[in-house]
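# Descriptive structure summary
Letter by letter, the chains look like this.
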Amino acid sequence: MKFFVFFVFAAVGLIAQPALANYPCPGGPGPGEQQIGVGGGSHGIAAVPLCVETGGGADSAGGGYAGYRCDGCNIFADPGPPSYDAMSIAINEQAARNAEVQKQMLEAEANLQKLEADPQYQRYKQGEWKIFQGKKDSAPGENCVAMWNKDGGAVSIVGPGKAYQGGMLIFWSADIPRPSNTQTVAVTLKQSKYQPQPVNALNFSVPSIPAGAIALTVPNIEAALNTMLDVEHFIVEMGGRAVADIDWTDGLAARAQLYQCVSNR
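All of these numbers come straight from a predicted model, not from anything done at the bench.

A few words on the environment of Ala224. With respect to the helices and strands, the residue Ala224 is situated in helix H4 (residues 221-226). Residue Ala224 is classed as buried on the basis of its relative accessible area of 9%. Considered as a pair, Ala224 and Ile157 are 67 residues apart in the sequence and their alpha carbons are 7.4 Å apart. Ignoring anything within four residues of it in the chain, the contact list for Ala224 reads Ile157 and Val218.

This is the structure:
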(Lines give C-alpha, C1' and ligand atoms only; values in the text may rest on other atoms or scores of the structure.)
Protein backbone atom coordinates (compact mmCIF):
# COMPACT_ATOMS: atom_id res chain seq x y z
CA MET A 1 0.00 0.00 0.00
CA LYS A 2 2.82 2.39 0.79
CA PHE A 3 4.38 1.59 -2.57
CA PHE A 4 1.09 2.36 -4.30
CA VAL A 5 0.73 5.72 -2.55
CA PHE A 6 4.35 6.56 -3.38
CA PHE A 7 3.78 5.59 -7.01
CA VAL A 8 0.72 7.83 -7.24
CA PHE A 9 2.55 10.80 -5.76
CA ALA A 10 5.58 10.16 -7.93
CA ALA A 11 3.44 10.02 -11.02
CA VAL A 12 1.75 13.27 -10.06
CA GLY A 13 5.16 14.83 -9.50
CA LEU A 14 6.24 13.90 -13.00
CA ILE A 15 3.20 15.59 -14.58
CA ALA A 16 3.32 19.42 -14.74
CA GLN A 17 0.52 20.55 -12.44
CA PRO A 18 -1.29 23.86 -12.83
CA ALA A 19 -1.07 25.88 -9.66
CA LEU A 20 -4.34 26.09 -7.77
CA ALA A 21 -4.85 29.68 -6.71
CA ASN A 22 -5.59 30.24 -3.07
CA TYR A 23 -6.76 33.39 -1.40
CA PRO A 24 -7.44 34.72 2.08
CA CYS A 25 -10.86 33.79 3.41
CA PRO A 26 -11.05 35.44 6.83
CA GLY A 27 -14.55 34.13 7.49
CA GLY A 28 -13.55 30.57 6.71
CA PRO A 29 -14.54 28.56 3.66
CA GLY A 30 -17.89 29.29 2.13
CA PRO A 31 -20.01 27.33 -0.35
CA GLY A 32 -17.80 26.04 -3.15
CA GLU A 33 -14.61 26.67 -1.18
CA GLN A 34 -12.20 24.57 0.82
CA GLN A 35 -9.71 25.77 3.39
CA ILE A 36 -6.24 24.48 2.63
CA GLY A 37 -4.29 26.13 5.41
CA VAL A 38 -3.35 29.51 6.78
CA GLY A 39 -1.17 32.32 5.56
CA GLY A 40 0.83 34.91 7.41
CA GLY A 41 1.30 34.42 11.14
CA SER A 42 4.74 36.11 11.23
CA HIS A 43 6.54 39.36 10.53
CA GLY A 44 3.59 41.30 11.90
CA ILE A 45 1.06 39.59 9.61
CA ALA A 46 -1.82 37.84 11.34
CA ALA A 47 -2.56 34.22 10.47
CA VAL A 48 -5.43 34.19 7.99
CA PRO A 49 -7.21 31.13 6.60
CA LEU A 50 -6.43 30.32 2.97
CA CYS A 51 -9.05 28.81 0.70
CA VAL A 52 -9.34 27.44 -2.81
CA GLU A 53 -12.41 27.08 -4.92
CA THR A 54 -13.84 23.63 -5.15
CA GLY A 55 -16.09 24.53 -8.06
CA GLY A 56 -19.36 23.59 -6.41
CA GLY A 57 -21.46 24.02 -3.31
CA ALA A 58 -21.80 21.73 -0.32
CA ASP A 59 -23.74 19.23 -2.44
CA SER A 60 -21.02 18.73 -5.01
CA ALA A 61 -20.28 15.13 -5.70
CA GLY A 62 -16.82 13.69 -6.19
CA GLY A 63 -14.41 15.14 -8.65
CA GLY A 64 -10.75 15.28 -9.34
CA TYR A 65 -7.86 17.53 -10.20
CA ALA A 66 -5.18 16.68 -12.74
CA GLY A 67 -5.88 12.96 -12.34
CA TYR A 68 -5.25 13.00 -8.60
CA ARG A 69 -7.95 11.95 -6.14
CA CYS A 70 -7.95 11.87 -2.40
CA ASP A 71 -10.52 11.49 0.34
CA GLY A 72 -12.01 14.83 1.37
CA CYS A 73 -10.73 16.63 -1.70
CA ASN A 74 -13.18 18.18 -4.09
CA ILE A 75 -10.92 20.45 -6.09
CA PHE A 76 -11.57 21.94 -9.49
CA ALA A 77 -9.68 24.63 -11.32
CA ASP A 78 -12.65 26.88 -12.15
CA PRO A 79 -11.69 30.51 -11.44
CA GLY A 80 -13.69 33.07 -9.53
CA PRO A 81 -14.39 32.01 -5.94
CA PRO A 82 -18.00 32.78 -4.97
CA SER A 83 -16.98 34.70 -1.84
CA TYR A 84 -15.07 37.15 -4.09
CA ASP A 85 -17.85 37.70 -6.61
CA ALA A 86 -18.69 41.19 -5.35
CA MET A 87 -15.03 42.22 -5.46
CA SER A 88 -14.63 40.75 -8.92
CA ILE A 89 -17.68 42.66 -10.16
CA ALA A 90 -16.42 45.89 -8.60
CA ILE A 91 -12.96 45.46 -10.13
CA ASN A 92 -14.39 44.63 -13.54
CA GLU A 93 -16.73 47.61 -13.37
CA GLN A 94 -13.83 49.88 -12.46
CA ALA A 95 -11.74 48.43 -15.27
CA ALA A 96 -14.60 49.13 -17.68
CA ARG A 97 -14.84 52.71 -16.38
CA ASN A 98 -11.09 53.13 -16.73
CA ALA A 99 -11.25 51.90 -20.31
CA GLU A 100 -14.08 54.33 -21.06
CA VAL A 101 -12.21 57.24 -19.48
CA GLN A 102 -9.09 56.33 -21.44
CA LYS A 103 -11.13 56.23 -24.62
CA GLN A 104 -12.62 59.65 -23.85
CA MET A 105 -9.17 61.04 -23.08
CA LEU A 106 -7.82 59.75 -26.39
CA GLU A 107 -10.78 61.27 -28.22
CA ALA A 108 -10.33 64.57 -26.36
CA GLU A 109 -6.62 64.58 -27.19
CA ALA A 110 -7.39 63.95 -30.85
CA ASN A 111 -10.02 66.70 -30.81
CA LEU A 112 -7.58 69.06 -29.09
CA GLN A 113 -4.93 68.35 -31.70
CA LYS A 114 -7.50 69.05 -34.39
CA LEU A 115 -8.56 72.22 -32.57
CA GLU A 116 -4.97 73.38 -32.15
CA ALA A 117 -4.52 73.07 -35.91
CA ASP A 118 -7.63 75.19 -36.59
CA PRO A 119 -6.59 78.73 -37.65
CA GLN A 120 -9.81 80.16 -36.26
CA TYR A 121 -9.10 78.64 -32.84
CA GLN A 122 -5.56 80.01 -32.92
CA ARG A 123 -6.92 83.47 -33.67
CA TYR A 124 -9.30 83.07 -30.74
CA LYS A 125 -6.46 82.07 -28.38
CA GLN A 126 -3.79 84.45 -29.66
CA GLY A 127 -6.05 87.36 -30.56
CA GLU A 128 -6.76 89.26 -33.75
CA TRP A 129 -7.67 92.74 -34.92
CA LYS A 130 -10.64 93.57 -37.10
CA ILE A 131 -11.07 97.00 -38.67
CA PHE A 132 -14.53 97.90 -39.94
CA GLN A 133 -17.30 100.47 -39.94
CA GLY A 134 -19.73 99.78 -37.15
CA LYS A 135 -22.94 100.67 -38.93
CA LYS A 136 -24.30 99.89 -42.35
CA ASP A 137 -24.44 102.74 -44.83
CA SER A 138 -21.91 104.75 -42.79
CA ALA A 139 -20.40 107.70 -44.62
CA PRO A 140 -16.67 107.48 -45.33
CA GLY A 141 -14.70 108.04 -42.14
CA GLU A 142 -17.67 107.54 -39.81
CA ASN A 143 -18.20 104.83 -37.19
CA CYS A 144 -14.75 103.36 -37.75
CA VAL A 145 -13.91 100.56 -35.31
CA ALA A 146 -10.73 98.70 -34.45
CA MET A 147 -11.69 95.67 -32.37
CA TRP A 148 -9.30 93.27 -30.69
CA ASN A 149 -10.74 89.85 -29.76
CA LYS A 150 -8.88 87.40 -27.59
CA ASP A 151 -9.90 84.37 -25.58
CA GLY A 152 -13.44 85.46 -24.82
CA GLY A 153 -12.75 89.17 -24.24
CA ALA A 154 -12.64 92.20 -26.51
CA VAL A 155 -11.72 95.84 -26.58
CA SER A 156 -12.85 98.34 -29.23
CA ILE A 157 -11.59 101.76 -30.25
CA VAL A 158 -14.53 103.52 -31.85
CA GLY A 159 -14.38 106.66 -33.98
CA PRO A 160 -16.94 109.45 -34.40
CA GLY A 161 -20.31 109.20 -36.09
CA LYS A 162 -23.12 111.62 -36.90
CA ALA A 163 -24.45 111.75 -33.34
CA TYR A 164 -21.13 111.71 -31.46
CA GLN A 165 -17.96 113.40 -32.59
CA GLY A 166 -15.64 111.98 -29.96
CA GLY A 167 -13.98 108.60 -29.58
CA MET A 168 -14.69 105.66 -27.30
CA LEU A 169 -12.73 102.84 -25.72
CA ILE A 170 -15.10 99.93 -25.03
CA PHE A 171 -14.33 96.75 -23.06
CA TRP A 172 -16.43 93.62 -23.49
CA SER A 173 -16.43 90.75 -21.00
CA ALA A 174 -18.78 88.16 -19.53
CA ASP A 175 -17.72 89.45 -16.08
CA ILE A 176 -18.99 92.96 -16.79
CA PRO A 177 -22.55 93.55 -15.52
CA ARG A 178 -25.27 93.64 -18.16
CA PRO A 179 -27.79 96.26 -17.03
CA SER A 180 -31.01 96.65 -18.97
CA ASN A 181 -30.38 100.40 -19.18
CA THR A 182 -27.11 102.26 -19.64
CA GLN A 183 -25.63 103.38 -16.33
CA THR A 184 -22.79 105.62 -15.27
CA VAL A 185 -20.36 103.70 -13.05
CA ALA A 186 -17.05 104.35 -11.34
CA VAL A 187 -14.19 102.12 -12.51
CA THR A 188 -10.44 101.98 -12.21
CA LEU A 189 -8.48 101.65 -15.45
CA LYS A 190 -5.04 100.04 -15.33
CA GLN A 191 -2.75 100.17 -18.38
CA SER A 192 0.75 98.99 -19.17
CA LYS A 193 2.37 102.42 -19.30
CA TYR A 194 0.16 104.56 -17.08
CA GLN A 195 -0.78 104.85 -13.43
CA PRO A 196 -4.18 103.41 -12.41
CA GLN A 197 -6.90 105.97 -13.16
CA PRO A 198 -10.26 106.19 -11.39
CA VAL A 199 -12.74 107.26 -14.06
CA ASN A 200 -16.44 107.32 -14.72
CA ALA A 201 -17.62 105.10 -17.54
CA LEU A 202 -20.79 103.87 -19.21
CA ASN A 203 -21.95 100.36 -18.36
CA PHE A 204 -24.37 98.84 -20.85
CA SER A 205 -25.35 95.68 -22.69
CA VAL A 206 -26.47 94.76 -26.18
CA PRO A 207 -29.16 92.04 -26.42
CA SER A 208 -27.39 90.17 -29.22
CA ILE A 209 -24.02 90.10 -27.41
CA PRO A 210 -23.48 87.68 -24.47
CA ALA A 211 -21.17 90.10 -22.63
CA GLY A 212 -21.44 93.33 -20.71
CA ALA A 213 -19.70 96.50 -21.86
CA ILE A 214 -17.85 99.35 -20.18
CA ALA A 215 -17.16 102.40 -22.35
CA LEU A 216 -14.74 105.24 -21.68
CA THR A 217 -15.23 108.36 -23.75
CA VAL A 218 -12.43 110.51 -25.14
CA PRO A 219 -12.75 114.03 -26.63
CA ASN A 220 -11.77 112.92 -30.11
CA ILE A 221 -10.53 109.85 -31.95
CA GLU A 222 -7.07 111.37 -32.35
CA ALA A 223 -6.63 111.31 -28.56
CA ALA A 224 -7.45 107.60 -28.54
CA LEU A 225 -5.13 106.90 -31.47
CA ASN A 226 -2.23 108.74 -29.86
CA THR A 227 -2.35 106.57 -26.74
CA MET A 228 -2.39 103.23 -28.59
CA LEU A 229 0.72 101.14 -27.93
CA ASP A 230 1.96 98.22 -29.97
CA VAL A 231 1.64 95.90 -26.95
CA GLU A 232 -0.94 96.80 -24.33
CA HIS A 233 -2.50 95.28 -21.25
CA PHE A 234 -5.73 96.59 -19.75
CA ILE A 235 -7.40 95.75 -16.46
CA VAL A 236 -10.74 97.33 -15.61
CA GLU A 237 -11.84 97.13 -11.99
CA MET A 238 -15.37 97.76 -10.84
CA GLY A 239 -16.48 97.52 -7.24
CA GLY A 240 -13.01 96.36 -6.20
CA ARG A 241 -12.78 93.44 -8.62
CA ALA A 242 -11.45 93.00 -12.14
CA VAL A 243 -14.26 92.71 -14.67
CA ALA A 244 -12.05 92.96 -17.77
CA ASP A 245 -8.48 91.77 -18.23
CA ILE A 246 -7.18 91.77 -21.78
CA ASP A 247 -3.92 92.37 -23.62
CA TRP A 248 -3.26 93.09 -27.27
CA THR A 249 -0.37 92.90 -29.71
CA ASP A 250 0.22 94.58 -33.10
CA GLY A 251 -1.46 97.73 -31.85
CA LEU A 252 0.53 100.02 -34.14
CA ALA A 253 -0.60 98.20 -37.27
CA ALA A 254 -4.21 98.41 -36.07
CA ARG A 255 -3.75 102.11 -35.26
CA ALA A 256 -2.56 102.77 -38.82
CA GLN A 257 -5.59 101.03 -40.31
CA LEU A 258 -7.98 102.83 -37.98
CA TYR A 259 -6.36 106.16 -38.77
CA GLN A 260 -6.75 105.44 -42.48
CA CYS A 261 -10.44 104.74 -41.96
CA VAL A 262 -11.22 107.88 -39.95
CA SER A 263 -9.09 110.11 -42.21
CA ASN A 264 -11.61 109.55 -45.01
CA ARG A 265 -14.01 112.01 -43.42
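That covers the picture; the talk isn't over yet.
One pass over the structure, following the stated rule, counts three salt bridges. The partner of Glu142 in a salt bridge is Lys162, and the shortest N-O contact between them spans 3.1 Å. Of the two residues, Glu142 is situated in the loop between strand E4 (128-133) and strand E5 (144-150) and Lys162 in the loop between strand E6 (153-158) and strand E7 (167-173); the sequence distance between them amounts to 20 residues. Residue classification places Glu142 among the buried positions, given a relative accessible area of 16%. Exposure remark for Lys162: the relative accessible area of 64% places this residue in the exposed category.

Turning our attention to the side chain of Asn203. Tracing the backbone through its elements, the reader meets Asn203 in strand E9 (residues 197-205). Reaching out from Asn203, the side chain makes a polar contact with the backbone oxygen of Pro177 at a distance of 3.0 Å. At 3.0 Å, the side chain of Asn203 forms a polar contact with the backbone oxygen of Ala213. Setting aside its immediate chain neighbours within four residues, Asn203 contacts Ile176, Pro177, Pro179, Asn181, Thr182, Gln183, Val185, Ala213, Ile214 and Met238.

Looking now at the sheet that holds strand E8 (residues 183-191). Spatially, the nine strands line up as an open sheet ordered E4-E5-E6-E7-E10-E9-E8-E11-E12, and their pairing is antiparallel. At either end of the open sheet lies a strand with only one pairing partner, and these are E4 and strand E12 (241-248). Between one strand and the next, the sheet's axes are offset by a mean angle of 30 degrees, whatever the strand orientation. Taken together, the seven bridges between E8 and E9 define a ladder with antiparallel strand orientation. What sits directly across from Ala186, in E9, is Asn200. Against the sheet, helix H5 (residues 251-262) contacts E4, E5, E6 and E12, and its axis sits at roughly 5 degrees relative to E4.

Let us now look at the sheet that holds strand E1 (residues 23-24). Backbone-to-backbone hydrogen bonds join strands into a sheet, with any given pair of strands oriented parallel or antiparallel. The sheet built from three strands is open, its strands ordered E1-E3-E2 with antiparallel pairing. On the outer flanks of this sheet lie E1 and strand E2 (33-39), each paired with one strand and no other.

Turning to H5, a few remarks are in order. End to end, H5 covers 16 Å across twelve residues, agreeing with the expected 16 Å (1.5 Å per residue, within 8%). For H5, the full list of buried residues reads Gly251, Ala254, Leu258, Cys261 and Val262. All buried residues of H5 fall inside an arc of 85 degrees around its axis, so they share one side. For H5, the exposed residues set more than 90 degrees away from the buried face come down to Tyr259 and Gln260. Considering only its buried residues, H5 is in contact with E4, E5, E6, H4 and E12.

What counts and what doesn't
Residues numbered from 1 in each chain as written. Predicted model: local features only at pLDDT ≥ 70, side-chain atom pairs only at ≥ 80, totals over all residues. Heavy atoms only, no water. Helix = DSSP H or I, 4+ residues; strand = E, 2+ residues; numbered from the N terminus. Buried < 20%, exposed > 50% of the residue type's maximum accessible area, 1.4 Å probe, protein only. Contact = heavy atoms within 4.5 Å. Salt bridge = Lys/Arg side-chain N within 4 Å of Asp/Glu carboxyl O. Polar contact = N/O pair within 3.5 Å; in protein donor to acceptor, adjacent residues only side chain to side chain. Pairing = 2+ DSSP bridges. Axes fitted to C-alpha atoms, helices over the stretch in contact; angles between N-to-C directions. Expected span 1.5 Å × (residues − 1). Arc of directions from axis to C-beta.

Fair warning: the whole summary comes from geometry, so function is off the table for now.
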